[in-house]
Amino acid sequence: MIVAFLILLPVVGVVGWAFFRFAPIHADRKAVLRFNLLSLTVALLLAVAWSVRTYLVMSPTVDSGWWPIISMLGALLIVPLVLGLAAILRNYVLFRRSTERPRQ
């Protein structure tokens, strides 16, 4: 468990930094900011949903003391995955540069 935390915490930090650092500069800043905030909100809501689900499933069992750790590990996986997928969607689908050349 400790090894998983030591691996996943820097992954979350690097993915979060890269998500905001490599935002497209050629697109409308307000639209990119809205997309970034929406993506971050979705990632956090999914992490909260995972934690609630884990609590509801594990609280009546013998392993009820482990639900916070399982929730945290799940959240540390969910947030970088969602932000990574959102970055790919943002940079290569929604706000991609025009590849057309002007006609001569």
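See the structure shown above.
What you see is a predicted model; the values in this text were computed from it and never measured.

(A) Quick peek at the overall build of the protein. Helix and strand counts for the protein stand at 3 helices and 0 strands. The secondary structure elements of the protein, listed N-terminal to C-terminal, are α-α-α. Taking 13 Å as the expected radius of gyration for a compact globule of 104 residues, we find that the protein reaches 18 Å, considerably beyond that expectation. Dimensions along the principal axes, computed over C-alpha positions, put the protein at roughly 75 × 25 × 20 Å. Looking at the protein as a whole, 28% of its 104 residues qualify as buried.

(B) Just the nonpolar core, in detail. The biggest cluster of nonpolar side chains holds 16 residues, and the ones touching the most others in it are Phe-19, Val-32, Leu-83 and Phe-95. Among the secondary structure elements, those contributing two or more residues to this core are α2 (29–58) and α3 (67–94). The dominant element in this core, judged by the number of residues it contributes, is α3, at 7 residues. Aside from chain neighbours lying at most four places away, what touches Phe-95 is Pro-24, His-26, Ala-27, Ala-31, Val-32, Phe-35 and Arg-90.

(C) Quick peek at helix α1 (residues 2–21). Here α1 spans 29 Å end to end across 20 residues, near enough to the 28 Å set by a 1.5 Å rise per residue. Every buried residue belonging to α1 is among Leu-8, Gly-16 and Phe-19, and all of these are buried. With its buried residues spanning 70° around the axis, α1 presents them on a single face. Every exposed residue of α1 that faces more than 90 degrees away from the buried side is listed here: Ile-2, Val-3, Leu-6, Val-14, Trp-17 and Arg-21. Turning to α1, the residues buried within the fold contact α2 and α3.

Rules of the game
Residues numbered from 1 in each chain as written. Predicted model: local features only at pLDDT ≥ 70, side-chain atom pairs only at ≥ 80, totals over all residues. Heavy atoms only, no water. Helix = DSSP H or I, 4+ residues; strand = E, 2+ residues; numbered from the N terminus. Rg over C-alpha atoms; globule rule 2.2 N^0.38 Å. Buried < 20%, exposed > 50% of the residue type's maximum accessible area, 1.4 Å probe, protein only. Core = buried A, V, L, I, M, F, W, Y, C linked by side-chain atoms within 4.5 Å. Contact = heavy atoms within 4.5 Å. Expected span 1.5 Å × (residues − 1). Arc of directions from axis to C-beta.

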